[in-house]
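An overview of the molecular structure
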Protein chains: 2
Amino acid sequence: MNVISTKNKEDKVNTITEMCKLFQVSARTLRFYESKELLFPIRRGQHRLFTKSDRGRMKLIMQGKRFGFSLEEIRQLLNLYNFGDHRTRQIKQTYQLGLKRLSSMEQQKKELGLAIKDLKTQLQLCKDLLLKRGADAQDL
Amino acid sequence: MNVISTKNKEDKVNTITEMCKLFQVSARTLRFYESKELLFPIRRGQHRLFTKSDRGRMKLIMQGKRFGFSLEEIRQLLNLYNFGDHRTRQIKQTYQLGLKRLSSMEQQKKELGLAIKDLKTQLQLCKDLLLKRGADAQDL
DNA sequence: ATTTAACTTTACGTAAACGTCAAGAAATAT
DNA sequence: ATATTTCTTGACGTTTACGTAAAGTTAAAT
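Residues numbered from 1 in each chain as written. Chains lettered and ligands numbered in written order. Predicted model: local features only at pLDDT ≥ 70, side-chain atom pairs only at ≥ 80, totals over all residues. Heavy atoms only, no water.

Comments concerning the confidence of the model for chain A
Operational definition: The predictor's confidence in any single residue is recorded as pLDDT, a number from 0 to 100. A run of DSSP states H or I qualifies as a helix once it reaches four residues; a run of E qualifies as a strand once it reaches two. Both are numbered from the N-terminal end.
In the predicted model, chain A carries a mean pLDDT of 91, and the fraction of residues at 70 or more is 94%. Confidence scores differ between elements of chain A, with strand S1 (residues 42–44) of chain A showing the lowest mean pLDDT of 94 and helix H2 (residues 27–35) of chain A the highest of 98.

Pasting the structure below:
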């Protein structure tokens, strides 16, 4: 790798099928996300090429989905990771939204902790009943 | 409250509008949940009356939704909280499902923790940029 | 050069989770 | 007794998040 070459991992681009494998989603899904402005693949001719930025965004999208956020909610926050190229006014708004999202996620984590505790209790009760009914402790 | 009266908070039933207020959902939602067998309100004539059991189930439904589970996923687990009236075979299955759900929720909590960390970092970067651009620290 | 594989757009279809009338029955208030 | 409110059952509509099939285009392989 010489000085002239600016190529590095950051510059690596992926075809749509590569992205599908990377994130375990369909091509339809990726095109859909592009249409909804969650991804911005560049074009070589007609074909899409997904950049490092898209990969980062996809990671966040999957994360957001996991936590039950809608694509629209996710989209609004994605700008938080690209704030370089936005107006200060815009960034401020996104920042505020980010703070709200953060507190929402912290709240959710708390509730999740409680729900887990409840579920554990309930599972124990269930287990006790099964044992009392003569279940084999082995398969529990 | 005398000895003969068996009435207590457990016996309290709610009309559909009371339930709506209690859980901040529409009547349509409650009827929909009944149609999907997540709730089992008793009937006084044609009208629905929601029991303590339904209230408990609703709490779990709301919780499940918050964490991104589908109604069908939620329905399957609800039996975990009514296992008294089921066959041992059934309970065993529900118990197994509960264990899986538990580990899924614990995993989610972990990921949520990481996502929160990431978001905090990103928010800090964002804040720095805003301050460097001369934003008033007051409104951040 | 031609087959093949990967990709494209367009467009209709679908499942989940309700919303929103419409029309009638039942309970409550006056 | 009658008006009003609350509730009921359909039944069609809507949004989200894609699936899927059709028909054409581009790139890669032979």
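Overview of helix H4 (residues 71–78) of chain A
All names here are of chain A. The test is simple: Each residue's exposure class comes from its accessible area (1.4 Å probe, protein chains only) as a fraction of the maximum for that residue type: buried when under 20%, exposed when over 50%, partly exposed otherwise. In this description, one arc is meant: the one made by directions from the helix axis to the C-beta atoms. Residue contacts are counted whenever heavy atoms from the two residues lie within 4.5 Å of one another.
All of the buried residues in H4 are Ile74, Leu77 and Leu78. Each buried residue of H4 sits inside an arc of 105 degrees when the element is viewed along its axis, so together they form one side. The elements touched by buried residues of H4 are helix H3 (52–66) and helix H5 (88–132).

Brief notes about the protein's contact with DNA strand D
Worth spelling out the cut-off: Being near a molecule or strand, for a residue, means having at least one of its heavy atoms within 4 Å of it. Two N or O atoms count as a polar contact when they lie within 3.5 Å, although within protein this holds only if one can serve as hydrogen donor and the other as acceptor, and sequence-adjacent residues are included solely when both atoms are side-chain atoms. Polar here means any residue outside two lists: the nonpolar Ala, Val, Leu, Ile, Met, Phe, Trp, Tyr, Cys and Pro, and the charged Asp, Glu, Lys and Arg; Gly therefore counts as polar.
Taken together, 18 residues sit near DNA strand D, with Ser26 and Tyr33 of chain A together with Thr17, Arg31 and Arg48 of chain B positioned nearest. When the atoms of DNA strand D within 4 Å of the protein are grouped by moiety, sugar and phosphate amount to 69% of the total. Here threonine 17 of chain B contributes a side-chain N or O atom positioned 2.5 Å from a phosphate oxygen of DNA strand D. Between DNA strand D and arginine 43 of chain B there is a distance of 3.1 Å, counted from a phosphate oxygen to a side-chain nitrogen or oxygen. Those elements giving two or more residues to the surface near DNA strand D turn out to be H2 of chain A together with helix H1 (16–23), helix H2 (27–35) and strand S2 (47–49) of chain B. Per-element accounting of the surface near DNA strand D gives the leading share, 4 residues, to H2 of chain A. Tallied by class, the residues present in the surface near DNA strand D amount to 4 nonpolar, 8 polar and 6 charged.

Points about the packing of aromatic side chains
Residues and elements named next belong to chain A. Condition: Each pair of aromatic rings taken from Phe, Tyr and Trp, with Trp reduced to its six-membered ring, is defined by centres within 6.5 Å and is described as stacked if the planes are under 30 degrees apart, edge-to-face if over 60, and tilted in the remaining cases. In this scheme, the term charge over a ring applies when either NZ of a lysine or CZ of an arginine sits within 6 Å of the ring centre and within 35 degrees of the ring normal.
A complete count under the given rule lists 2 aromatic pairs over all chains for this structure. Relative to tyrosine 33, the ring of phenylalanine 32 lies with its centre 6.2 Å away and its plane at 50 degrees, an arrangement referred to as tilted. Taking relative accessible area as the criterion, phenylalanine 32 reaches 30% and is therefore assigned partly exposed. What makes tyrosine 33 buried here is its relative accessible area of 4%. Taking NZ or CZ as reference, arginine 101 lies 4.7 Å from the ring centre of phenylalanine 69, over its face.

Here we look at the pattern of salt bridges
Residues and elements named next belong to chain A. Rules: We define a salt bridge as a side-chain nitrogen of Lys or Arg found within 4 Å of a carboxyl oxygen belonging to Asp or Glu.
For the structure on display, the rule yields 14 salt bridges over all chains. With its nearest N and O atoms 3.2 Å apart, the salt bridge here joins glutamate 34 to arginine 43. Residue arginine 43 is classed as partly exposed on the basis of its relative accessible area, which comes to 43%. Two residues, glutamate 72 and arginine 75, come together in a salt bridge whose shortest N-O distance is 2.9 Å.

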